[in-house]
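Per-entry structural report
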Amino acid sequence: MVVFVLPAKRRSFSQPNHGDFMGEDVHMVALMFWLLRQQGFNISSEVFNKFKDSEGKFRESLIIDVHGLLSLYEACHLRCHGDALMEEALPFAITHLESIDETKVSTSLAKQASRALNQPLLKGLLRLEARHYISLYQEEPSHDEVLLALAKLDFNLLQEQHQKEIGKITRCCEEKNLYPTPKQLRRLEFRWDVDAMDGLLEYTQAHYKELLDLYGEIGNELATKGRSYRLVYAKEAMKKQARWYFREAKWFHIGYTPTMEEYMPLALLRTGYEALSITAFVGMGDVVTKDAFEWSLGDCKILKASQIICRFMDDIASH
């Protein structure tokens, strides 16, 4: 368990020549690197150069430092495109973590390494990873009892809060029948006006009105800049999202289990990447043209690739 306080004001860590990484402990350097990059700080991977020998290879002495290798492995998953040093560090860490002698390390550390190789922290759910680590930390002979008790208390309090919220939501839905029917959803599927709210459930009406108001405000602002055409594409992206949600609702109500081929287009669209990307274009300046919107709503391969990455990472993390 580590408590790390970030500075109040962001500063660039792109230059490794500073005192923050002067130590020779690869675990601490990798841990700081992971925490800072996770928070969006631009820290250079050159901080790991100190752990290389005269031939430019990672030192052999790192092999016996399982704790350090594990932290280095986790840090590698926050590498950027073209980050050659981290690309080199990843297979080095994996190779030696896979071949650790479990008789020479604690059971807890061996379990951490095994789990990390199967699923690094970055691809897990934060609270689930915390729950798993609490159990492993408890097995460490040198664990801090106060810190362990605080971690358990924090986890249990939040879990209890979530349980209460789920209970309230479930009771509310059961008592008021708050699940829209396909007939109700169809009223919203292709329309974009306030009259479409008639006959909808109360909470659906409130949500739909907020959506119309938001797009109305955006439309007014675009009109003053002569870019009203952009709102048409933003609305179409949202309608496309709604149409696929309607299909999913219909499957649920009739008890239909879709095939993988039927489900994947929906699964990708549910990431929200397409609607988000097109909506982001709306507020950009003259750099965005009508062709950019046409490209985004068409068979955009880079957008589809982003959806696939997001979908699978989310599914893996929540599996």
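The structure reproduced in this document is the subject of the present report. Since the structure is predicted, the reported quantities are computational estimates derived from the model, not experimental observations.

Tallying secondary structure elements over the chain gives 13 helices and zero strands in all. Scanning the chain from its N terminus toward the C terminus, one meets helices and strands in the order α-α-α-α-α-α-α-α-α-α-α-α-α. Across the 319 residues of the chain, 36% fall into the buried class. A sequence separation of at least 24 residues applies to 60% of the contacts in the chain between residues at least 6 apart. As displayed, the chain has an accessible area near 20,100 Å², and 57% of this comes from carbon and sulfur atoms.

Taken as a whole and assessed by the stated rule, the structure comprises eight aromatic pairs. Considering the side-chain rings of Tyr-233 and Phe-293, the 5.1 Å spacing of their centres and the 25° angle between planes classify their relative orientation as stacked. Linking Tyr-233 in helix α9 (residues 229–254) with Phe-293 in helix α12 (residues 290–297), this pair joins segments that are 60 residues apart in sequence. Judged by its relative accessible area of 0%, Phe-293 falls in the buried class. On the basis of an interplanar angle of 90° and a centroid distance of 5.9 Å, the ring pair of Phe-281 and Phe-293 is categorised as edge-to-face. Residue Phe-281 is located in helix α11 (residues 273–282), and its partner Phe-293 is located in helix α12; the two are separated by 12 residues in the primary sequence. In textbook terms, an aromatic cluster arises when at least three aromatic residues are bridged by ring pairs, as seen for Tyr-229, Tyr-233, Phe-281 and Phe-293.

As a further point, take the nonpolar core. Core analysis: the biggest nonpolar cluster contains 32 residues, and Phe-33, Phe-48, Phe-51, Phe-58, Met-86 and Leu-97 have the highest contact counts within it. Among the secondary structure elements, those contributing two or more residues to this core are α1 (26–38), α2 (66–76), α3 (84–98) and α4 (107–118).

As a further point, take a nonpolar patch on the surface. On the surface, Leu-150, Leu-153 and Leu-157 cluster together into a nonpolar patch covering about 300 Å² of accessible area. For Leu-153, the position within the fold is in helix α6 (residues 145–176). The class of Leu-153 is partly exposed, set by a relative accessible area of 47%.

Pairing between side chains becomes possible if they bear opposite charge and their charged atoms approach one another. This structure, assessed with the given rule, holds 14 salt bridges. Arg-37 is paired through a salt bridge with Asp-83; the nearest N and O atoms lie 3.3 Å apart. Remark: Asp-83 occurs in the loop between α2 and α3 and Arg-37 occurs in helix α1; sequence separation between them is 46 residues. No difference in accessibility class separates Arg-37 from Asp-83, as the two residues are buried. Across the salt bridge formed by Glu-248 and Arg-270, the nearest N and O atoms sit 2.8 Å from each other.

Bringing the packing of α9 against helix α10 (residues 260–269) into the picture now. Remark: α9 packs on α10, axes separated minimally by 10 Å, with the N-to-C direction vectors making an angle of 130°. Comparing the axis directions of α9 and α10 gives the class oblique. Remark: the crossing between α9 and α10 carries left-handed chirality. Where α9 approaches α10, its residues Lys-240, Gln-241, Trp-244, Tyr-245, Glu-248 and Trp-251 are matched on the opposing element by Glu-262, Pro-265, Leu-266 and Leu-269. Among the residues forming the contact of α9 with α10, the class breakdown is six nonpolar, one polar and three charged.

Direction vectors running N to C along α1 and α2 enclose 20°, while the axes themselves pass 8 Å from each other. Of the possible angle classes, the one that applies to α1 and α2 is roughly parallel. Crossing angle aside, the handedness with which α1 passes α2 is left-handed. Where α1 approaches α2, its residues Val-26, His-27, Ala-30, Phe-33 and Trp-34 are matched on the opposing element by His-67, Gly-68, Ser-71, Leu-72, Glu-74 and Ala-75.

Cut-offs used in this document
- Residues numbered from 1 in each chain as written.
- Predicted model: local features only at pLDDT ≥ 70, side-chain atom pairs only at ≥ 80, totals over all residues.
- Heavy atoms only, no water.
- Helix = DSSP H or I, 4+ residues; strand = E, 2+ residues; numbered from the N terminus.
- Buried < 20%, exposed > 50% of the residue type's maximum accessible area, 1.4 Å probe, protein only.
- Contact = heavy atoms within 4.5 Å.
- Areas by Shrake-Rupley, 256 points an atom, 1.4 Å probe, with all protein chains shown as cover.
- Phe/Tyr/Trp six-rings, centres within 6.5 Å; stacked < 30°, edge-to-face > 60°.
- Core = buried A, V, L, I, M, F, W, Y, C linked by side-chain atoms within 4.5 Å.
- Patch = residues over 30% accessible without salt bridge, like charges linked within 9 Å, V, L, I, M, F, W, Y side chains within 5 Å.
- Salt bridge = Lys/Arg side-chain N within 4 Å of Asp/Glu carboxyl O.
- Axes fitted to C-alpha atoms, helices over the stretch in contact; angles between N-to-C directions.
- Parallel < 35°, antiparallel > 145°, perpendicular 65-115°, else oblique.
- Left-handed = near helix turned anticlockwise from the far one by under 90°.
- Nonpolar A, V, L, I, M, F, W, Y, C, P; charged D, E, K, R; others polar.

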